[in-house]
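# A look at the structure
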Amino acid sequence: MYVFNNKYFPVPEYKYKVKRKEIDEKTYGEEKEKEFLPTFNKLVKEYKIKLRQDKEDSFLDKWYTQHIRDEIQFVFDEIKKIKNADTKKIVSVILSRTIRSCRATTHADLATLLEPITATYYCGKHGKMCKPLFSILKWWETYSKDTVKRLAQYDKLRKDTFHTCLTGDSRNIDLVGGLYKINPDFAELVEKQKIKGIFSSPPYVGLIDYHEQHAYAYDLFGFERKDELEIGPLFKGQGREAKQSYIQGLSDVLNNAKKYLVYDYDIFLVANDKYNMYPTIAENAGMQIVNQYKRPVLNRTEKDKGAYAEIIFHLKSK
Ligand SMILES: C[S@@+](CC[C@H](N)C(=O)[O-])C[C@H]1O[C@@H](n2cnc3c(N)ncnc32)[C@H](O)[C@@H]1O
């Protein structure tokens, strides 16, 4: 494939030609895809590569080639033997991050999985032929090194403050109650002094099914799925009812959060509000939008899908 790519998709000439419309990317890509397929099929046969698993019951069955699945299982079994609880958690996160990158999807559909791929394909993101992965090793090494680097960096930056994560439905989560279980002193402080502000990036209406996007981790670690609690999931679409339920969901979140906030709070919400729903949401929560900042989103994983801008809404009490 390396030789084939060098010959038919030379860097950077190929992309220049596409840009100047000297090459029609779609036709050329499809043509080369067909041309390379027999070579791929021959190699798959020769090296006895098993592209699909026998079952398709779970996410891990469906979205991983047999070899990848075997490696994931191997690492998972090794992790079980780790005695130090902190190390175990870190290595688990590295594995989770690794297998996210090893799903049998094309590079263009990382965020919204379509169908598992089993062959080489023309990749618009990289402007060449790409193939499904046969091993997790490359990502495992990359993310292991990267995680260690980030941890060291964070260790230098962190201050002597307490922070934690509480998971739950933000429409009704009991923040103080949850904190009491982890750090009673801190919970008391929050109850007395209240919270100064919120910075959040809520889901957008009908764009992503987050459970599906992280299905590999639910499967691997045996977490309980709670799809029905997602606000604005893709499966509900962007119709009238979906928008209504989104507005209701976000309003409930803000009303729940208000209980824990100081009088003069600041809330910042990052949103791609193409349906202009945030004025209503703010109204429902007794808040006002005092400022809006535009934030261009340039570096998305699926590079071909165009840049867009998001708004950061600054909300305060009415
Ligand atoms: C745009 S993402 C932002 C995620 C995170 N802030 C980040 O930057 O990585 C929106 C998140 O809201 C979560 N979400 C959806 N409904 C929720 C609910 N009812 N309660 C809490 N979180 C929810 C989704 O699962 C998703 O992780």
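What counts as what
Residues numbered from 1 in each chain as written. Predicted model: local features only at pLDDT ≥ 70, side-chain atom pairs only at ≥ 80, totals over all residues. Heavy atoms only, no water. Near = heavy atom within 4 Å. Polar contact = N/O pair within 3.5 Å; in protein donor to acceptor, adjacent residues only side chain to side chain. Areas by Shrake-Rupley, 256 points an atom, 1.4 Å probe, with all protein chains shown as cover. Nonpolar A, V, L, I, M, F, W, Y, C, P; charged D, E, K, R; others polar. Helix = DSSP H or I, 4+ residues; strand = E, 2+ residues; numbered from the N terminus. Contact = heavy atoms within 4.5 Å. Pairing = 2+ DSSP bridges. Axes fitted to C-alpha atoms, helices over the stretch in contact; angles between N-to-C directions. Buried < 20%, exposed > 50% of the residue type's maximum accessible area, 1.4 Å probe, protein only. Phe/Tyr/Trp six-rings, centres within 6.5 Å; stacked < 30°, edge-to-face > 60°. Domains from an automatic or database assignment. Buried area = accessible area lost by both parts, 1.4 Å probe. Salt bridge = Lys/Arg side-chain N within 4 Å of Asp/Glu carboxyl O.

### Let's talk about the site of the ligand
- The immediate surroundings of the ligand are formed by G168, D169, S170, R171, S201, P202, P203, Y210, L229, E230 and I231.
- At 3.0 Å from a nitrogen atom of the ligand is found a main-chain nitrogen or oxygen belonging to S170.
- The fraction of the free accessible surface of the ligand (590 Å²) that becomes covered by protein chains is 56%.
- Classifying every residue of the shell around the ligand by side-chain character gives five nonpolar, three polar and three charged.

### Some details on the side chain of D266
- Of note, D266 is situated in strand β4 (residues 261–271).
- A polar contact of 2.7 Å, which involves the side chain of D266, links it to the side chain of H314.
- Among the polar contacts made by the side chain of D266, one reaches the side chain of K316 at a distance of 2.7 Å.
- Residues contacting D266, with those up to four places away along its chain left out, are K196, G197, I198, H314, L315 and K316.

### Some details on the sheet that holds β4
- Ordered in space as β3-β4-β6-β5, the four strands form an open sheet in which the pairing is mixed. Here the strands that pair on one side only, and so sit at the sheet edges, are β3 (195–200) and β5 (287–297). Each neighbouring strand pair of the sheet contributes to a mean axis angle of 15°, computed without reference to strand direction.
- Bridging between β3 and β4 involves five bridges; their strand directions are parallel. Bridge assignment links I195 to a residue of β4, and that residue is L261.

### Description of unusual backbone geometry
- Cis geometry is adopted by the peptide bond preceding P12, which originates at V11 and carries an omega value of 0°.
- Residue position: P12 is located in the loop between α1 (2–8) and α2 (13–19).
- You will see that K21, though not glycine, has its phi angle at about 60°, which is positive.
- The phi dihedral of N276 falls on the positive side, at around 55°, and the residue is not glycine.
- By the element assignment, N276 lies in the loop between β4 and α13 (278–284).
- The exposed category is assigned to N276, whose relative accessible area is 53%.

### Quick notes on the packing of aromatic side chains
- With the rule as written, the count across this model stands at 18 aromatic pairs.
- Judged by centre distance (4.9 Å) and plane angle (85°), the rings of F9 and Y14 are edge-to-face.
- Aromatic side chains F59 and Y64 sit 6.3 Å apart centroid to centroid with 65° between the ring planes, which places their arrangement in the edge-to-face category.
- The structure contains a cluster of three or more aromatic residues connected by ring pairs, namely F9, Y14, Y28 and Y122.

### Observations regarding the domain arrangement of the protein chain
- Domain boundaries in the protein chain define domain 1 (2–152), domain 2 (159–193) and domain 3 (195–317).
- Measuring from the centre of the C-alpha atoms in domain 2 to the corresponding centre in domain 3 gives 21 Å.
- Between domain 2 and domain 3, the contact holds 10 residues from the first and nine residues from the second.
- Of the roughly 800 Å² buried where domain 2 meets domain 3, counting both sides, 57% is carbon and sulfur surface.
- Our count for the domain 2 to domain 3 interface comes out at zero salt bridges.
- If you look at where domain 2 meets domain 3, you find five residue pairs in polar contact (both at pLDDT 80 or more).
- Among the elements of the structure, α8 (175–182) and α9 (184–193) are those that each provide at least two residues to the side of domain 2 that touches domain 3.

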